[in-house]
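Inside the fold
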Amino acid sequence: MPTKIRLSPRPHFLRRWKEYLQFIPGTNGWWLLGPCLLTVTILACVTNTPVAQIATPRPTRTLLPTFTMTPIPPSPTPVPTNTITPTPTETPVATNTPMPTDTPLPATDTPMPTDTPVPPTAPPPTSAPPTNTPAPTPTPDSAGTSPLPTPTNTPEPDTPPGRYEVDDEEGKQNCAHVGVTGRVFDRDSDDPVPYVTIQVTGDTDEYKGPYIGKTDQDGNYTILISELNDSIDDVEFTVEVIGGSGVESKDKLEWRAGDNCKDDDDIQIMEIRWERKKS
């Protein structure tokens, strides 16, 4: 059941206090009024001992300078002055200047120069007319004489007789030429065999040949067939030893040329070693 609040003509503080204490359950709140009154009395009766306070120092004020109002004198009003305008004067007109008269030249007795006569020049000496110089008589040349030495064709010896066989062969690559090279030596003494005639023929009309070469004093030979080009690709060549009587080429080496010098299977230079066996 709610608590009823009764209003009475009590002091404002006690009335509010009473209304506040009535909400505390289990008590009517009057037992707290005594301690509160005792506390108020003690605080009121305590000796009123003044407490010394330390005054906080106040900053001094800096007096601002005073300014004296100096009146500004008024600027004088310019007074216009009378400007004297000069009166234009009349410009004098130029008078006619008399024309100068011709001054007569004084008469002089100086004679006029005369033309100096040119002395006559002597005529140039006449030269004698040229005479016909007789042409030198040609001297008879010796019959059959040439200003250039006539080469003498020294006949080389023919291939030494014997039986020639292939000792070794090796195909090589060359990006410039196609040909045959090698050496001929004696089987018994291993000495080089000079003047041996080597012949190379091809299986096409363009490279049919024959291409001929001879060994030198060291037994070496080189036969140039052509420069490297596309038309020489897959041409088959035959190499053999030829000569006079008593010469037999037991072997005829056949090889096929190629036009790709970067390919190890294509051959441009065939190197052949021959050996001779005396019959």
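Quick summary incoming for the structure in this document. (Residues numbered from 1 in each chain as written. Predicted model: local features only at pLDDT ≥ 70, side-chain atom pairs only at ≥ 80, totals over all residues. Heavy atoms only, no water.)

1. A word on the overall build of the chain
The condition that has to hold: By definition, any uninterrupted DSSP run of H or I lasting at least four residues is a helix, any uninterrupted run of E lasting at least two residues is a strand, and each is numbered from the N terminus. Each residue is placed in one exposure class: buried if its accessible area under a 1.4 Å probe, protein chains only, is under 20% of its type's maximum, exposed if it is over 50%, and partly exposed if it falls in between. Any two residues whose heavy atoms approach within 4.5 Å at even a single point are treated as in contact. Here the Shrake-Rupley method, with its probe set to 1.4 Å, supplies the accessible areas, and only the displayed protein chains count as covering residues.
For the chain, the helix and strand inventory stands at 2 helices and 9 strands. The order of α-helices and β-strands along the chain, N terminus first, is α-α-β-β-β-β-β-β-β-β-β. For the chain, buried positions account for 20% of its 279 residues. Look at the contacts in the chain between residues 6 or more apart in sequence, and 64% of them connect residues 24 or more apart. Counting only carbon and sulfur atoms, one obtains 58% of the accessible surface of the chain, whose full area is about 23,900 Å².

2. Regarding the sheet that holds strand β9 (residues 269-277)
Let me state the cut-off plainly: The pairing criterion for strands is at least two bridges between them, as found by DSSP. Note on definitions: angles span 0 to 180 degrees between N-to-C directions of axes, and those axes are lines fitted to C-alpha atoms, for helices only across the stretch in contact.
The sheet built from 5 strands is open, its strands ordered β5-β2-β9-β1-β7 with mixed pairing. Every interior strand has two partners, whereas the edge strands, β5 (220-227) and β7 (247-249), have only one. For this sheet, the mean inter-axis angle between neighbouring strands, taken without regard to orientation, is 25°. The pairing of strand β1 (residues 162-172) with β7 spans 3 bridges and is classified as parallel.

3. Side note on the packing of aromatic side chains
Centre-to-centre distance and the angle between the planes together describe a pair of aromatic rings. Rule in force here: What counts as a ring pair is set by centres within 6.5 Å for rings of Phe, Tyr and Trp (its six-membered ring), and what kind of pair is set by the plane angle: stacked under 30 degrees, edge-to-face over 60, tilted for all other angles.
Within the structure shown, the criterion is met by 2 aromatic pairs. Residues tyrosine 207 and phenylalanine 237 carry aromatic rings whose centres are separated by 6.5 Å and whose planes lie at 75° to one another, so their mutual orientation is edge-to-face. Of this pair, tyrosine 207 sits in the loop between β3 (197-202) and β4 (211-214) while phenylalanine 237 sits in strand β6 (residues 236-242), and the two are 30 residues apart along the sequence. Residue classification places tyrosine 207 among the buried residues on the basis of a relative accessible area of 4%. One aromatic cluster in this structure is built from Tyr207, Phe237 and Trp255.

4. Observations concerning the nonpolar core
Worth spelling out the cut-off: We call a set of buried Ala, Val, Leu, Ile, Met, Phe, Trp, Tyr and Cys residues a nonpolar core when their side-chain atoms join them within 4.5 Å.
By size, the foremost hydrophobic cluster in this structure holds 26 residues, and its most contacted members are Ile198, Phe237, Trp255 and Trp274. Secondary-structure elements contributing two or more residues to this core are β2 (177-186), β3, β5, β6, β8 (253-256) and β9.

5. A short note on the pairing of β8
Residues Leu253 and Trp255 line the buried face of β8, whereas the alternating positions Glu254 and Arg256 sit on a face that is not buried. With 4 bridges connecting them, β6 and β8 associate as antiparallel partners. Residue threonine 238 lies in a different strand from β8, and its bridge partner there is glutamate 254.

6. Re the pairing of β3
Counting buried residues along β3, 5 of its 6 residues qualify, which places the element largely inside the surrounding structure. Across 4 bridges, the pairing between β3 and β4 is antiparallel. Looking at β4, one finds that glutamine 199 is bridged to isoleucine 212. When β3 meets β6, the two strands line up antiparallel, connected through 6 bridges. Its bridge partner being in β6, threonine 201 is matched across the sheet by threonine 238.

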